[in-house]
Amino acid sequence: MAKQKNAADFRGKSPDQLKEDLLQLKKEQFNLRFQVATGQLEKTARIKVVRRDIARVQTILREKARAEAEG
């Protein structure tokens, strides 16, 4: 994922696809933290973008789970 996605990009996906995206984002976040620790990270703003994408995916997963539980 090269740039930040908006919520509409994630809403059209199934919960399984969202979980896969979440796993990918968490791996990227881990790698970014490693790069910070070793002084190799050039684009520090990427950390913020990834954190927000993770929050977006988690929010949409919760919304979908709630909607499924209600009806």
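Model, not experiment: these values are computed from the prediction.

Attention now goes to the nonpolar core. Residues Phe 10, Leu 18, Leu 22, Leu 25, Leu 32, Leu 41, Val 50, Ile 54, Val 57, Ile 60 and Leu 61 constitute the largest nonpolar core, which totals 11 residues. Those elements giving two or more residues to this core turn out to be helix 2 (15–38) and helix 3 (45–70). With five residues, helix 3 is the largest single contributor of residues to this core.

You can see Arg 51 is positioned in helix 3. Judged by its relative accessible area of 53%, Arg 51 falls in the exposed class. Measuring from C-alpha to C-alpha, the distance between Arg 51 and Phe 30 comes to 11 Å, with 21 residues separating the pair along the chain.

A few words now on the packing of aromatic side chains. Applying the stated criterion across every chain, the model contains one aromatic pair. Their ring planes at 50 degrees and their centres at 5.2 Å tell us that Phe 30 and Phe 34 sit as a pair that is tilted. One end of the pair, Phe 30, and the other, Phe 34, are both in helix 2, four residues apart, so they sit about a helical turn from each other.

A complete count under the given rule lists four salt bridges for this structure. Note that Asp 21 is salt-bridged to Lys 13, the shortest N-O span being 2.6 Å. By relative accessible area, which is 11% here, Asp 21 ends up buried. Residue classification places Lys 13 among the partly exposed positions, given a relative accessible area of 22%. When the shortest N-O distance is used, the salt bridge between Arg 46 and Glu 28 registers 2.8 Å. With Arg 46 in helix 3 and Glu 28 in helix 2, this residue pair connects regions lying 18 residues apart in the sequence.

Before going further, it helps to spend a moment on helix 2. Relative to the 34 Å expected for 24 residues at 1.5 Å per residue, helix 2 spans 35 Å between its end C-alpha atoms, a close match to the ideal helical length. Listed in full, the buried residues belonging to helix 2 are Leu 18, Asp 21, Leu 22, Leu 25 and Leu 32. Where helix 2 is buried, its residues touch helix 1 (7–11) and helix 3. One or two residues past the end of helix 2 sits Gly 39, with phi positive at roughly 75 degrees.

Reading the values: rules and limits
Position labels on residues start from 1 in each chain and follow its written sequence. The predicted origin of the model limits local features to residues at a pLDDT of at least 70 and limits the giving and counting of side-chain atom pairs to 80 or more, whereas totals for whole chains, interfaces and linings rest on all residues. Think of the side-chain values as coming from all heavy atoms in the structure, minus any hydrogens and water. Remark: nonpolar core denotes a set of buried residues (Ala, Val, Leu, Ile, Met, Phe, Trp, Tyr, Cys) joined through side-chain atoms within 4.5 Å. Each residue is placed in one exposure class: buried if its accessible area under a 1.4 Å probe, protein chains only, is under 20% of its type's maximum, exposed if it is over 50%, and partly exposed if it falls in between. Helix numbering and strand numbering both begin at the N terminus, where a helix is a DSSP run of H or I of at least 4 residues and a strand a DSSP run of E of at least 2. Note on aromatic contacts: the rings of Phe and Tyr and the six-membered ring of Trp form a pair at centre separations within 6.5 Å, being stacked when their planes are under 30 degrees apart, edge-to-face when over 60 apart, and tilted otherwise. Salt bridge, as applied in this entry: a Lys or Arg side-chain nitrogen positioned within 4 Å of an Asp or Glu carboxyl oxygen. To estimate the expected span of a helix, subtract one from its residue number and multiply by 1.5 Å. Contacts between residues were defined by any pair of non-hydrogen atoms, one from each residue, lying within 4.5 Å.

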